[in-house]
4 protein chains.
Amino acid sequence: MSKKINVLVWNEYADDQKNPAVANVYPKGMHITIADFLNNNPDIQAKTAVLADEEQGLSDAVLDNTDVLIWWGHIAHDKVEDKTVKRIIDRVQRGMGSIFLHSAHKSKPFMALMGTSGHLCWREAAEKERIWITSPAHPIAEGIPEQFVLEHEEMYGEPFGIPQPLQTVFIGWFQGGNVFRSGVTFQREYGRIFYFQPGHETFPIYHNEIIQKIIVNAVKWAKPIVKVNSLDCPNVPPLENL
Amino acid sequence: MSKKINVLVWNEYADDQKNPAVANVYPKGMHITIADFLNNNPDIQAKTAVLADEEQGLSDAVLDNTDVLIWWGHIAHDKVEDKTVKRIIDRVQRGMGSIFLHSAHKSKPFMALMGTSGHLCWREAAEKERIWITSPAHPIAEGIPEQFVLEHEEMYGEPFGIPQPLQTVFIGWFQGGNVFRSGVTFQREYGRIFYFQPGHETFPIYHNEIIQKIIVNAVKWAKPIVKVNSLDCPNVPPLENL
Amino acid sequence: MSKKINVLVWNEYADDQKNPAVANVYPKGMHITIADFLNNNPDIQAKTAVLADEEQGLSDAVLDNTDVLIWWGHIAHDKVEDKTVKRIIDRVQRGMGSIFLHSAHKSKPFMALMGTSGHLCWREAAEKERIWITSPAHPIAEGIPEQFVLEHEEMYGEPFGIPQPLQTVFIGWFQGGNVFRSGVTFQREYGRIFYFQPGHETFPIYHNEIIQKIIVNAVKWAKPIVKVNSLDCPNVPPLENL
Amino acid sequence: MSKKINVLVWNEYADDQKNPAVANVYPKGMHITIADFLNNNPDIQAKTAVLADEEQGLSDAVLDNTDVLIWWGHIAHDKVEDKTVKRIIDRVQRGMGSIFLHSAHKSKPFMALMGTSGHLCWREAAEKERIWITSPAHPIAEGIPEQFVLEHEEMYGEPFGIPQPLQTVFIGWFQGGNVFRSGVTFQREYGRIFYFQPGHETFPIYHNEIIQKIIVNAVKWAKPIVKVNSLDCPNVPPLENL
């Protein structure tokens, strides 16, 4: 396919991300790091947007040109306006793919798409995580080793408040004794959704080549099969005699 | 189990339901008809609430005492306030069962729990529907014949904008050439959800004994296994040495 | 991807298929008709095999070169040897895609992969079927109209003895009052599986362009993401200190 | 419901289980230990059978009186005859519940019901396992703590060769760095199925009260909603005019 997949990497990019602890790892912001490695792939064209942008970076015009939305948010979830959320949900339902990273489990769009609270338990101890593939033939796992290690990661643990996934692609093992469904897929009408747990802002997770490969795979998997203009409820005539 | 299941049958009960076309079929409102047949079951205690009630009939005090919520709405979906929806969603996620009847596919709580638009096609032609069991061993189908007929029903047709169900219990055949996943189950954290298509307000659907049996079965299936007080995200210590 | 998908179209091709009622519709056998339209697609290379071939057409050498197996069987299910079935199942589990057409619901490989009996009800009355899309964004439904008609089809009706599908892509409406999950997907370890109901041998179903498009789509969807050589249970050392 | 659930606890009970390493933990065999704690529950009546019994302990007469079959096998999987397997599969499809414990992942009936190989990785190092609830509102998890520890367990690790479960109830964390979907549910036509990983024969797993509670819960969950006599494919007349 010659047409590139248009990705929008959205980041709340709140002030905490400009502090040295984060900025040392992601000098221009995580969204730029993510967009950069995506743009190394010939099939992908990635742009970025942040909360401070006009219309929170998610205007109709921007979304019109987005095939897959990648979401990063953490401390500013509440600042995303309900009308912004409504625009996103509508786009996903009509075919836009979406990838929710790490702390996006508590973002408004993710919770609205899931119908759940996204609750989990967590711990910031820079502990080791091992991520295991549980669906080795899933396109998102293509080319990924059976298991790999993140030396320092924030712990996210079960029980995780999500609907039963379409497929559970990855499960994480944490040094401190916890487990987590780290990569899970969903579909909401025309739109495919992938939640992926790795990614704390003070660790170089998005510089990791395996993580990058998974996100590239996820973009390709989540790209729209078809987009529709509306999801109305038409009054239709009978097809057979009544 | 000696404790009865506390059911709340909620109806928007807008003015159209007081017009003769509806009132001839449901003189006191559909909520009363439904509550009455539920109360014939020794394991169930059903109450009712309507949109015009204080706090739209869904105060914290009322919800505190509800195990399973049954929802009927059609022309007044938009009148349900967002804060009411929020209370309902929170309760479902924490364990309250819910049953969405017929036109509740476009109700705010249903769409919020699904993350989808609930789109479908429809036709008001009083045509015949045959409902087939597709999961004959599901508790909601217990004691129900393999197929049964509703002589006059509003048509609801595929494609139906819902997530892939946990189980598809019923599929409807319509005289005019359409099909519909008429009975489908979901779970959102602690809460079980059943959507059931039959029930147009001008037809005596809820006087049909098979329909009544299905709704009784659904109440028993949807009753909480456990209810929790909150779905927070606790910061937890390690269980193993780091 | 430049490499073509290697498809094997297998047909029991028992004597009944050489009788005029079938041979008038499929002069060289259904397998040839199916392989021919598949070979019109530049991404696919299709071969055929029949029950009378050496090793029932499914030797290790043949399977080594098969990415997606298409199965047609009806009256000779019992003639497929258990060792042949075993070879097929093993290949599916290790990554080969498979598409089971019409009466293959009672074939040994399909039942073995499902763990179910594939029971259904049926009627040979050349009645009308309407096939509705229920997962419009599924790759198998790409480019397919919302519903289409088969003027004369054998009826297959619910309840259908299959596990809950990964996704229900199509549901069929039959003139005589029945419904059927006509297109359903499954996965068994590395292998993707699609069951597709249309296809009675005395009707020109496989000459229908929409049916052909669906089968082409299914081949592309079912092609292996990865194939593995074995599914053993290795004894592994600890990754962490015990 | 006054009628008790008839459980059959089947154990291959091969010679290795009579060696001191096992017999010290389960003097009369694991099947007796399991049946004993089940029989402490007023709703359950448990009997036992072993491979050496007539018809391998699984005659039609025995299965006629079984609501839920519990399976333990390890080194004698191949000794279970295909005709025995066939009888079991047929019963599950027609409504008998089944619970497969630990090494039953490679038993013939489990693989036949799943359509998969049940492959996994393993290690016998008496390491610690923590089992986490991932579906806290599932009936099988009722009354079970959010996580609990087995001090010494054989490791079973992902990737686990099973179909996508209906629900993933438990995930296990192992000290040596592995994770495993330790409790998963399936349905095959009328029969509910639970696979549960804990249970190595040299550890007192089945003496653990939490494990016992989970197995009791699973028996209650898996008991038949309805049993049918056959799963044939009837030729049926049209319900509507053709």
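Residues numbered from 1 in each chain as written. Chains lettered and ligands numbered in written order. Predicted model: local features only at pLDDT ≥ 70, side-chain atom pairs only at ≥ 80, totals over all residues. Heavy atoms only, no water.

**Student:** Please explain the overall build of chain A as it appears in this structure.
**Tutor:** Assigned secondary structure in chain A consists of 6 helices and 9 strands. Over its C-alpha trace chain A gives a radius of gyration of 18 Å, about what one expects of a compact globule, namely 18 Å for 242 residues. The principal-axis extent of the C-alpha atoms belonging to chain A is close to 65 × 40 × 35 Å. For chain A, buried positions account for 68% of its 242 residues. (Helix = DSSP H or I, 4+ residues; strand = E, 2+ residues; numbered from the N terminus. Rg over C-alpha atoms; globule rule 2.2 N^0.38 Å. Buried < 20%, exposed > 50% of the residue type's maximum accessible area, 1.4 Å probe, protein only.)

**Student:** Could you clarify how one ought to interpret helix α2 (residues 30-39) of chain C in this entry?
**Tutor:** Residue pairs spaced three or four apart in an α-helix point in one direction, given the helix's 3.6 residues per turn. Burial analysis of α2 of chain C places 7 of its 10 residues in the buried class, the great majority of the element. Taken together, the buried residues of α2 of chain C touch β1 (5-11), β2 (44-50), β3 (68-72), β4 (97-101) and α6 (209-222) of chain C. (Contact = heavy atoms within 4.5 Å.)

**Student:** Just checking my understanding: could you explain the interface of chain D and chain B for this structure?
**Tutor:** Many structure descriptions define interface size as the accessible area lost when the parts assemble. Between chain D and chain B, the residue contacts involve 20 residues of the former and 20 residues of the latter. For the pair chain D and chain B, the summed buried surface comes to about 1,700 Å²; carbon and sulfur atoms form 59% of the total. On the chain D side of the interface with chain B, the three residues burying the most area are A137, I225 and E240 of chain D, jointly 33% of the side's total. The tally of links between chain D and chain B comes to 4 salt bridges. A salt bridge links R130 of chain B to E240 of chain D, with the nearest nitrogen and oxygen atoms 2.8 Å apart. Taken together, the connections running from chain D to chain B amount to 6 residue pairs in polar contact (both at pLDDT 80 or more). Counting only elements with at least two residues in the side of chain D that touches chain B, the list comes to β5 (121-133) and β7 (167-174) of chain D. The element best represented in the side of chain D that touches chain B is β5 of chain D, accounting for 3 residues. (Buried area = accessible area lost by both parts, 1.4 Å probe. Salt bridge = Lys/Arg side-chain N within 4 Å of Asp/Glu carboxyl O. Polar contact = N/O pair within 3.5 Å; in protein donor to acceptor, adjacent residues only side chain to side chain.)

**Student:** Can you help me understand the side chain of T66 of chain B in this one?
**Tutor:** Looking at the element boundaries, T66 of chain B is found in the loop between α3 (60-64) and β3 (68-72). Note on T66 of chain B: relative accessible area 3%, which makes it buried.

**Student:** I tried to follow the relation of the copies chain D and chain C on my own but got confused; where do I start?
**Tutor:** Applying a rotation about an axis and a shift along it to one chain copy brings it onto the other copy. With an RMSD of 0.0 Å, chain D superimposes on chain C once it is rotated by 180° and translated 0.0 Å along the axis. As the rotation angle and translation indicate, the two copies are arranged about a two-fold axis. For chain D, the residue whose C-alpha comes nearest the rotation axis is G115 of chain D, separated from it by 2.8 Å. When the interface residues of chain D are mapped onto chain C, 98% of them again fall at the interface, so both copies present the same face. (Least-squares fit on C-alpha atoms with pLDDT ≥ 70 in both.)

**Student:** Looking at this structure, how should I read the sheet that holds strand β9 (residues 191-196) of chain D?
**Tutor:** Residues and elements named next belong to chain D. Taken in spatial order, the 9 strands make up an open sheet running β2-β1-β3-β4-β9-β8-β7-β5-β6, and their pairing is mixed. Each end of this open sheet is capped by a strand with a single partner; those strands are β2 (44-50) and β6 (147-157). Between one strand axis and the next, the sheet turns through 25° on average, direction left out of account. By the bridge criterion, 4 bridges tie strand β4 (residues 97-101) to β9 in an arrangement that is parallel. Bridge pairing links S98 to I193 in β9. On top of the sheet, helix α2 (residues 30-39) reaches β1 (5-11), β2, β3 (68-72) and β4; it is set at about 170° to β2, its chief contact. (Pairing = 2+ DSSP bridges. Axes fitted to C-alpha atoms, helices over the stretch in contact; angles between N-to-C directions.)

**Student:** Is there a simple way to explain the interface of chain D and chain C in this structure?
**Tutor:** Chain D puts 42 residues into the contact, and the matching count from chain C is 41 residues. Counting each side, the surface lost to burial between chain D and chain C is near 3,000 Å², with a carbon and sulfur contribution of 59%. Contact with chain C buries surface across chain D, with W122, C233 and L242 of chain D losing the most and accounting together for 18% of the total. Our enumeration of links across chain D and chain C arrives at 0 salt bridges. The interface formed by chain D and chain C holds 20 residue pairs in polar contact (both at pLDDT 80 or more) in total.

**Student:** When you look at the relation of the copies chain D and chain B in this model, what are you seeing that I'm missing?
**Tutor:** Once turned by 180° and shifted 0.0 Å along the axis, chain D lies on chain B with an RMSD of 0.0 Å. Looking at chain D, 100% of its interface residues are interface residues in chain B too, so the copies touch through the same face.

**Student:** Which parts of the structure should I look at to understand helix α2 (residues 30-39) of chain B?
**Tutor:** Along α2 of chain B, the positions that sit buried rather than exposed are M30, H31, T33, I34, A35, F37 and L38 of chain B. The secondary structure elements touched by the buried residues of α2 of chain B are β1 (5-11), β2 (44-50), β3, β4 (97-101) and α6 (209-222) of chain B.

**Student:** It is not clear to me how the sheet that holds strand β6 (residues 147-157) of chain B should be interpreted in this structure. Could you clarify?
**Tutor:** Strands belonging to one sheet form pairs held by backbone hydrogen bonds; the direction of such a pair is parallel or antiparallel. Residue and element names in this part refer to chain B. With respect to topology, 9 strands assemble into an open sheet ordered β2-β1-β3-β4-β9-β8-β7-β5-β6, the strand pairing being mixed. The open sheet terminates on both sides in strands that have one partner only, identified here as β2 and β6. Averaged over all neighbouring strand pairs, the angle between strand axes comes to 25°, with direction disregarded. Along the sheet, α2 makes contact with β1, β2, β3 and β4, crossing β2 at roughly 170°. Sitting on the sheet, helix α4 (residues 82-93) is in contact with β3, β4, β8 (179-188) and β9 (191-196), with an inclination near 115° to β9.

**Student:** Please clarify how the environment of D43 of chain A should be interpreted in this entry.
**Tutor:** Residue and element names in this part refer to chain A. Examined against the element boundaries, D43 turns out to sit in the loop between α2 (30-39) and β2 (44-50). The exposure class assigned to D43 is partly exposed, which follows from its relative accessible area of 33%. Residues D43 and N6 lie 37 residues apart in sequence; the distance between their C-alpha atoms is 9.1 Å. Ignoring sequence-local partners within four residues, the contact set of D43 consists of K4, I5 and K220.

**Student:** Teacher, can you tell me more about the environment of A137 of chain D here?
**Tutor:** With respect to the helices and strands, the residue A137 of chain D is situated in the loop between β5 and β6. Its relative accessible area of 2% is what places A137 of chain D among the buried residues. C-alpha separation for the pair A137 of chain D and V216 of chain D, spaced 79 residues apart in sequence, amounts to 16 Å. Aside from chain neighbours lying at most four places away, what touches A137 of chain D is Q187, E189, Y190, I225 and V226 of chain B.

**Student:** Any chance you could explain the packing of aromatic side chains here in plain terms?
**Tutor:** The geometry of two aromatic rings is summed up by the distance between their centres and the angle between their planes. Evaluated as defined, the whole model comprises 39 aromatic pairs over all chains. Here the aromatic rings of F160 of chain A and F180 of chain A are separated by 4.5 Å at their centres, their planes lie at 35°, and the arrangement is tilted. With F160 of chain A in the loop between β6 (147-157) and β7 (167-174) and F180 of chain A in strand β8 (residues 179-188), this pair connects stretches of sequence that are 20 residues apart. Note on accessibility: F160 of chain A and F180 of chain A belong to one class, buried. Measuring from ring centre to ring centre gives 5.5 Å for W173 of chain B and W173 of chain C, while their planes differ by 5°; the resulting arrangement is stacked. Taken together, the positions of W173 of chain B in strand β7 (residues 167-174) and W173 of chain C in strand β7 (residues 167-174) put the pair across two chains. Grouping aromatic residues by their ring pairs yields a cluster made of F100, F110, Y156, F160, F180 and Y195 of chain A. (Phe/Tyr/Trp six-rings, centres within 6.5 Å; stacked < 30°, edge-to-face > 60°.)

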